[in-house]
Structure formats: C-alpha cells, structure tokens
Amino acid sequence: MAFGQPRIEYKTNAQMRIMHEAGLVLSRALDAAVAAAVPGTTTAQLDAVFRAVLDEAGAKSNFLGYHGFPATICTSVNEEVVHGIPGSRVLNDGDIISIDGGAIVDGWHSDSARTVIVGTPDPEDVRLSEVTEEAMWRGIAALATGKFVGDIGCAVDDYVSSVPGKPLGILEDYVGHGIGSEMHMAPDVLNYRTSHRGPKIRPGLCLAIEPMLVRGSIDTAVLEDDWTVVTTDGKRSCQWEHSVAVHEKGIWVLSAPDGGAARLAPLGVVPVPIP
C-alpha cells in the first residue's frame, strides 16, 4: 500500500512478453469457444472446448478455483452480465452470450472476453455488441494517448454517449483492472467519466480493459449461486475485454494476435511489439 492505495505492479519487457504468450493461448481458446457457440450447445460444452485448448498449450486457467469458481470461463447469457457459471443451460437461437476467460503461462496472466450472438441476431443485440466492442477499443486507444488511467473511462463514456439511437447503460459496479502476476490487481479501470484521474500511465503498466453495457437499467443483482450477475430489469447485456501492456515504445494488446493493429489503426494508434 502507498498512501492508502494498493501498490501497482509494473512489469519488465520480459514479463510482458510472457503475458503476451498467455494472451495468444487465450485468444486461441476464445476462438474455439466462440466457434462452438451455436444453437443446441450447452455452456458446459463451451467450457470444455476452451479448457482443451489451454491443456494442449500447457497453460493454466486463472478462473478455475478463483475464490471457488468452478469453471475455466464465465458464460453470461442474455440478462446475465458477468460471472455466469457454465452448466446445463442450452444456447438458443437469438441468445447473446459473453464468454470471459483467462490463461496463465509461467505465472503470468491474461484476461479477455468476447460477445457472441447465437444464430439469428436481434439488430439491437448487434448494436449493443458493436458499441461495446468499439468502446473497448476507444478505451485502449486512450491508454496509448492519455496521461492517466482515468482517461480510459472518459474515452469509453464519451463514445457510448455519442452513439445515436436509444441510449445504452454503462455498468458502474464492475470495472477493469490491473493484471500481471495475478489476474486482478491495482488499479481499477473505470468505464465511465469521473473527476478522479487515477494513476499516471507509464511503461510496465498492464491493464484489462472491459466495458460492460446494457440495453436497459444499470441496476444489477447477484443470483443465489453467489456468482452470476444479472440485470434487475431482465434487459440484455454485453462485455468485451482485452489485456493491454504499456512499454517504452507504445502499447501492445496482449490478448490480440496482431497486438490490436487492425482495430486501432482507424483510431490513429499504431501498436508496437514489446521490445
């Protein structure tokens, strides 16, 4: 603790390169889980597909056993916001599901999430997912160009607020986080604008940036399983997440095979591989 605040862990380039290895394994595992998210599949089957990729790569899950969590991914369907437990639930045509997972390589962590629309898409769910994903990339771009961690939340909030059409809600109770030798570390990464600037952005900082948006109220509740978070109004939700590293030459999206190049280029940001 420093002045009452949790100490931030700053990584060396070598440590961040290992985190990128973990991120690449995680990306492949999410690819497999996303491909398997079709009507008739259970969320437990998605977990098994994801786990098989980690096992083949010799990586460990950072979700399994975390405070007792019983699976390698969170599968949050429709009104479930985050922390959904895989099980017997069968995916139906038109469902929207957020798949959140992580991997550990040589003690270093990665964390990433994607949203999938199963079968026939509802246009409003497509809009929800596209806005959430773009909001994440706006936050990542702000990490590259900003001075303080709080600039990320400002960028996410400003983008979501600017999107035409029915307003989408940004969850405030669940935020991004630092990542490194543990999955959840300081600092918190807010997804909304506040007067708190947060710590300075400097080389060695690694963050999981993960906006969560909803089609209705941002009020949530936790189910009896003590994990699954749902919207209280039953409206649908969405989550996208990437782990990102800051180094002396720029930023690199650790959980993206191209380091984020394709999605950051339109935002004027060129990610740089970790030296």
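Along each chain, the written sequence defines residue order, and numbers are assigned to residues from 1. Since the coordinates come from a predicted model, pLDDT governs what is reported: local features require at least 70, and pairs of side-chain atoms require 80 or more to be given and counted, while whole-chain, interface and lining totals use all residues. Hydrogens and water are ignored here; the side-chain numbers use all heavy atoms of the structure.

K.L.:
Residue-level account of the pattern of salt bridges, with values.
P.N.:
Any Lys or Arg side-chain nitrogen found within 4 Å of a carboxyl oxygen on Asp or Glu counts as a salt bridge. Evaluated as defined, the whole model comprises 12 salt bridges. Taking the shortest distance from any N to any O, the salt bridge between Arg89 and Glu80 comes out at 3.1 Å. For Arg89, a relative accessible area of 31% puts it in the partly exposed group. Any residue under 20% of the maximum accessible area for its type is buried, any over 50% is exposed, and the rest in between are partly exposed; the area is computed with a 1.4 Å probe on protein chains only. Look at Glu80 and you get buried, because its relative accessible area is 13%.

K.L.:
Which residues make up the packing of helix H1 (residues 13–36) against helix H2 (residues 43–57), and what are the values?
P.N.:
The geometry of H1 relative to H2 is characterised by a closest axis approach of 8 Å and an angle of 150° between their N-to-C directions. As far as their axial angle goes, H2 and H1 are roughly antiparallel. Seen from above, H1 lies across H2 with right-handed handedness. Mapping the contact onto sequence places Val25, Leu26, Arg28, Ala29, Leu30, Ala32, Ala33 and Ala36 in H1 and Leu46, Val49, Phe50, Val53, Leu54 and Ala57 in H2. Three categories are distinguished: nonpolar for Ala, Val, Leu, Ile, Met, Phe, Trp, Tyr, Cys and Pro, charged for Asp, Glu, Lys and Arg, and polar for the others, with Gly belonging to the last. Of the residues belonging to the contact of H1 with H2, the class tally is 13 nonpolar, no polar and one charged. Under this scheme, a helix contributes an axis fitted over its contacting stretch, all axes are lines through C-alpha atoms, and angles between N-to-C directions fall in the 0 to 180 degree range. A run of DSSP states H or I qualifies as a helix once it reaches four residues; a run of E qualifies as a strand once it reaches two. Both are numbered from the N-terminal end. By definition in this entry, angles of less than 35 degrees are roughly parallel, angles greater than 145 are roughly antiparallel, angles of 65 to 115 are roughly perpendicular, and the rest are oblique. Handedness of a crossing is defined here by the sense of rotation of the near helix relative to the far one, left-handed for an anticlockwise turn of less than a right angle and right-handed for a clockwise turn. When checking whether two residues touch, look at their non-hydrogen atoms; a contact exists if any pair is within 4.5 Å.

K.L.:
Talk me through the pairing of strand E7 (residues 185–189); I want residue IDs and the actual numbers.
P.N.:
Burial runs high along E7: four of the five residues are buried. Strands qualify as paired when DSSP identifies two bridges or more between them. With three bridges connecting them, strand E6 (residues 176–178) and E7 associate as antiparallel partners. Each residue of the ladder has a partner; that of Gly176, found in E7, is Val189. Between E6 and E7, which pair antiparallel one after the other, the connecting turn spans six residues.

K.L.:
Account for the state of the cysteines, naming residues and giving values.
P.N.:
Counting rule for disulfides: a pair of cysteine sulfur atoms within 2.5 Å. Counted according to the given criterion, the structure contains zero disulfides. Take Cys238: it sits in no disulfide, and the sulfur closest to it among the cysteines is that of Cys74, at 15 Å. For Cys238, a relative accessible area of 0% puts it in the buried group.

K.L.:
Describe in detail the nonpolar core, supporting the description with residues and values.
P.N.:
To form a nonpolar core, buried Ala, Val, Leu, Ile, Met, Phe, Trp, Tyr and Cys residues must be joined to one another through side-chain atoms within 4.5 Å. Membership of the largest hydrophobic core comes to 34 residues, with the highest contact counts inside it found for Ile140, Leu143 and Val160. Elements with a contribution of two residues or more to this core: helix H3 (123–145), helix H4 (150–162), E7, strand E8 (206–209), strand E13 (242–247) and strand E14 (250–253). Of the residues forming this core, the biggest block, eight residues, is contributed by H3. Every residue in contact with Leu143, bar those within four places of it in the chain, is listed here: Ile152, Ile201, Leu205, Leu207, Ile209, Val244, Val246 and Ile251. Among the nonpolar cores identified, the runner-up in size contains 22 residues, and Leu46, Val77, Ala103 and Val105 belong to it.

K.L.:
Describe unusual backbone geometry, naming the residues involved and giving the relevant values.
P.N.:
A cis geometry characterises the amide bond from Ala186 onward to Pro187, with omega recorded as 0°. Here Pro187 shows up in strand E7. Positive phi, normally seen in glycine, also occurs at Asp106, with a value near 50°. Tracing the sequence through the fold places Asp106 in the loop between strand E3 (96–105) and strand E4 (108–117). Its relative accessible area of 64% is what places Asp106 among the exposed residues. Despite not being glycine, Asp226 has its phi angle at roughly 65°, a positive value. Along the chain, Asp226 falls in the loop between strand E10 (220–222) and strand E11 (229–231).

In short, the description is geometric, and any link to function would need to be established separately.
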